[in-house]
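The chain contents come next:
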Amino acid sequence: MAARALTSSSLASLFNPTEEHSALRSMLRSFVEKEVEPQAIEYNKREEFNIPLFRKLGTADPGGLGILGLTAPDKFGGTGFDATACALVHEELSYSDPAFCLSYLAHSVLFVNNLAVNGSDEQRARFLPGACDGTQIGGMCMSEPAAGTDVLGMKTTAKLNEEAGGYILNGAKMWITNGTLTGKETGDIFLIYARTGEGRADITQFVVERGTEGFNLGQKIEDKLGMRASMTAELVFDNVLIPANNIVGEVNGATLCMMRNLEIERIALAAMALGIARRCIDNTKRYAAERTAFGKDLFSFGQTQRHIAESYSEYMAGRCYVYGLCNGLDLSTHGNGLDADGVKLYCAPMAKTVADRAIQLMGGYGYVGEYNVERLFRDAKLLEIGGGTNESHHKNMSRDLRKMSDTKLE
């Protein structure tokens, strides 16, 4: 007899609010088991990005999943899904390979969703079909060698040159996911934030494509702690001419684009943490049931019971927070920062803690790559840094809660 599901129906509907979401999750789980899981360890060891597998997420590949344009409108090649779908895709992919999922996030959230929400119809028609079908792999450039959390301190500039008919871009961007796909050249297409005025918030967003004169790969970042199958790079801009029709949104108005897209990015990163935690719990349960010590399986011991019970409770709390937020979120809006920060602030350390417990319980076996949890532990650390550090979430949330000091929480 098959084991019955222990999650209540009310929680099941929270995680899969419609039949479409349930079907999407089922499709993803099958794909991850058959395609993502078998390659994860090897590509992480080699620090290589699995480009052929990534293209199977698009529509150009026969039988592709069609999720590279997950939140983009149908008429531009996307599938028009919502924030809940975004969360569940990131959770499912990260169950087996968070690094592969990180590359997906950079493409589908940081490039595709950003352009779908903030670009003009002409820009969306020009750039989104290739990004949605997988022939173009993109990313977003915000951080710099000397500007991370202090993003408005960026030094990259774009200066208007009316004679040339556009803006001249100079500077460098650092820690760019999908910045290179092979280690030899830049990725295909990027959204770039650059300073275009004297004011601190005078930032503008541009589209820059591979092969544009003056746009080069500075370096592929090697020997990362985790996320090793996701390529990270420094990108350099040396008098790059950007035509005026590649400006996304208003000149000096990209701060709104940035903040709006940071919200769904942080939700996606929190969902990645859920996938990491769930996998670690599954591995731990299996190990504890099969491994014996002193004549008993490990589930018989109080220390094991504590590790597994606390991990499951913390994972489920994070899962409810993420999907509770997503189910009511409109991706075209902004002002959801308090809980977008909150889900990531809770889930990122949670995933790292759950992975740490898994290693501890599995002992030497947890410490080696074959059992996956050591890789997941290393991957989880990035979630406390990328897309906003834990400390930046503390600052942002405290600022927002201070504004609500006279308002009772619901």
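First things first, this report covers the structure right here in the doc. (Residues numbered from 1 in each chain as written. Predicted model: local features only at pLDDT ≥ 70, side-chain atom pairs only at ≥ 80, totals over all residues. Heavy atoms only, no water.)

## Observations concerning the side chain of Arg 195
With respect to the secondary-structure elements, Arg 195 resides in strand S4 (residues 189–195). For the buried Arg 195, no salt bridge is present, and the opposite-charge side chain at shortest range is Asp 202, 6.0 Å distant. Among the polar contacts made by the side chain of Arg 195, one reaches the main-chain carbonyl oxygen of Arg 200 at a distance of 3.2 Å. Sequence-distant contacts of Arg 195, that is, excluding residues within four places in its chain, are made with Leu 152, Gly 153, Met 154, Thr 156, Thr 157, Ala 158, Arg 200, Asp 202 and Ile 203. (Helix = DSSP H or I, 4+ residues; strand = E, 2+ residues; numbered from the N terminus. Buried < 20%, exposed > 50% of the residue type's maximum accessible area, 1.4 Å probe, protein only. Lys, Arg positive; Asp, Glu negative; His and termini not counted. Salt bridge = Lys/Arg side-chain N within 4 Å of Asp/Glu carboxyl O. Polar contact = N/O pair within 3.5 Å; in protein donor to acceptor, adjacent residues only side chain to side chain. Contact = heavy atoms within 4.5 Å.)

## With respect to helix H12 (residues 390–403)
In an α-helix there are 3.6 residues to a turn, and that puts residues three or four apart on one side. The terminal C-alpha atoms of H12, which comprises 14 residues, lie 20 Å apart, in line with the 20 Å expected from a rise of 1.5 Å per residue. Those residues of H12 hidden inside the fold are in contact with helix H7 (254–290) and helix H9 (337–362). (Expected span 1.5 Å × (residues − 1).)

## Notes on unusual backbone geometry
In this structure, Glu 47 is a non-glycine residue whose phi angle is positive, near 55°. Structurally, Glu 47 is set in the loop between helix H2 (19–46) and helix H3 (51–55). Here Glu 47 falls in the buried class, since its relative accessible area comes to 12%. Of note, the phi angle at Asn 178 is positive, near 70°, even though the residue is not glycine. Classification of Asn 178 as buried rests on a relative accessible area of 0%.

## As for the nonpolar core
By size, the foremost hydrophobic cluster in this structure holds 104 residues, and its most contacted members are Leu 57, Ile 67, Val 89, Leu 93, Tyr 104, Tyr 193 and Val 322. With 19 residues, the single largest contributor to this core is H7. In this view, Leu 57 contacts Phe 31, Leu 65, Gly 66, Ile 67, Leu 68, Phe 100 and Tyr 104; residues no more than four positions away in its chain are not counted. One finds Leu 169, Phe 206, Phe 237 and Val 240 within the second-largest nonpolar core, a separate group that totals 16 residues. (Core = buried A, V, L, I, M, F, W, Y, C linked by side-chain atoms within 4.5 Å.)

## Comments concerning the state of the cysteines
Here the structure, examined in full by the defined rule, presents zero disulfides. In this structure Cys 101 is a free cysteine whose sulfur lies 8.9 Å from that of Cys 86, the closest cysteine sulfur available. In this structure Cys 101 comes out as buried when scored by relative accessible area, which is 0%. (Disulfide = S-S within 2.5 Å.)

## Regarding the packing of aromatic side chains
In total, this model carries 10 aromatic pairs according to the counting rule given. Judged by centre distance (6.0 Å) and plane angle (75°), the ring pair of Phe 54 and Phe 100 falls under edge-to-face. Taken as a pair, Phe 54 in helix H3 and Phe 100 in helix H5 (residues 98–118) lie far apart in primary sequence, 46 residues in all. Look at Phe 54 and you get buried, because its relative accessible area is 0%. With relative accessibility at 2%, the residue Phe 100 sits in the buried group. With a centroid separation of 6.4 Å and an interplanar angle of 70°, the aromatic rings of Phe 294 and Phe 301 are classed as edge-to-face. Judged by relative accessible area, which is 79%, Phe 294 ranks as exposed. A relative accessible area of 26% places Phe 301 in the partly exposed class. Members of the aromatic cluster, connected to one another through ring pairs, are Phe 49, Phe 54 and Phe 100. (Phe/Tyr/Trp six-rings, centres within 6.5 Å; stacked < 30°, edge-to-face > 60°.)

Function cannot be read off these values alone, since they describe shape.
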